[in-house]
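Read off the chains here:
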Amino acid sequence: MNRGHEQDLTVNSVISKPMPKWMSAAAVAMGIVLEYRALSVLLSEGIEYGAMLNMTLGLVCVYGAGISRRLYISREGVVREMHSWGRVLRRVLPWDDVNYVSLAFRGNKMMAFFEVDTTGWKVLFSKDQEGAVMKVLDEMIPDVEVEVLERH
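Participant: Could you clarify how one ought to interpret the overall build of the protein chain in this entry?
Facilitator: When you go through the protein chain residue by residue, the secondary structure sums to four helices and eight strands. Seen in sequence order, the protein chain has helices and strands lined up from the N terminus as α-β-α-α-β-β-β-β-β-β-α-β. Against the globule reference of 15 Å for 152 residues, the protein chain gives a C-alpha radius of gyration of 21 Å, more extended than a compact globule. The dimensions of the protein chain, computed from C-alpha atoms along their principal axes, are 70 × 35 × 30 Å. Every one of the 152 residues in the protein chain was classed for burial, and the buried ones make up 30%. Within the protein chain, residue pairs in contact and separated by at least 24 positions form 47% of the contacts whose partners lie at least 6 positions apart. Accessible area of the protein chain: about 9,700 Å², with a carbon and sulfur share of 58%. Here the protein chain carries 17 positive and 19 negative side-chain charges, and the mean point of each set is 7 Å from the other.

Participant: Please explain the sheet that holds strand 1 (residues 11-12) as it appears in this structure.
Facilitator: Whether parallel or antiparallel, the strands of a sheet pair through hydrogen bonds between backbone atoms. With antiparallel pairing, four strands are arranged side by side in an open sheet as 1-2-3-4. Lying at the two open borders of the sheet, with one neighbouring strand each, are strand 1 and strand 4 (87-94). Both strand 2 (residues 67-73) and strand 3 (residues 77-84) contribute to a ladder of seven bridges, which runs antiparallel. Along strand 3, the bridge assignment pairs Arg69 with Met82.

Participant: Explain the side chain of Ser126 here, please?
Facilitator: On the secondary structure map, Ser126 appears in strand 7 (residues 119-126). Of the polar contacts made by the side chain of Ser126, one reaches the side chain of Asp128; its length is 2.5 Å.

Thresholds, definitions, all that
Residues numbered from 1 in each chain as written. Predicted model: local features only at pLDDT ≥ 70, side-chain atom pairs only at ≥ 80, totals over all residues. Heavy atoms only, no water. Helix = DSSP H or I, 4+ residues; strand = E, 2+ residues; numbered from the N terminus. Rg over C-alpha atoms; globule rule 2.2 N^0.38 Å. Buried < 20%, exposed > 50% of the residue type's maximum accessible area, 1.4 Å probe, protein only. Contact = heavy atoms within 4.5 Å. Areas by Shrake-Rupley, 256 points an atom, 1.4 Å probe, with all protein chains shown as cover. Lys, Arg positive; Asp, Glu negative; His and termini not counted. Charge placed at Lys NZ, Arg CZ, Asp CG, Glu CD. Pairing = 2+ DSSP bridges. Polar contact = N/O pair within 3.5 Å; in protein donor to acceptor, adjacent residues only side chain to side chain.

In structure tokens:
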């Protein structure tokens, strides 16, 4: 399989933007400061509510800095990924399970709903990604009906 061709068939959702590096660094720095303050209070004064709160918030800051989400369509199907400090949790909706696709437009966004039985997955794209999304759908599920609901 040609790797370049596979990338041509991957379309990222608009929510797939990773956290900026400066924001991750700021969250880690804030977490370290909160942890330091909590630890210094715990060692000097014992267990206090404020110290426990700082410790919890510090851990949340550090943990949250390592999380990113990605939602996209590819040769495999509709893919949801959550990256967390080196771990990747991945769910795939295979193309074989998709019964129907609906596209709705509002402003500069396009919502794609991939129907599976009585439920489905929603994926938000930019309106200018319509051609790329249709290319993937035409190639991967040519027999499935794609309905365009609204176009503004």
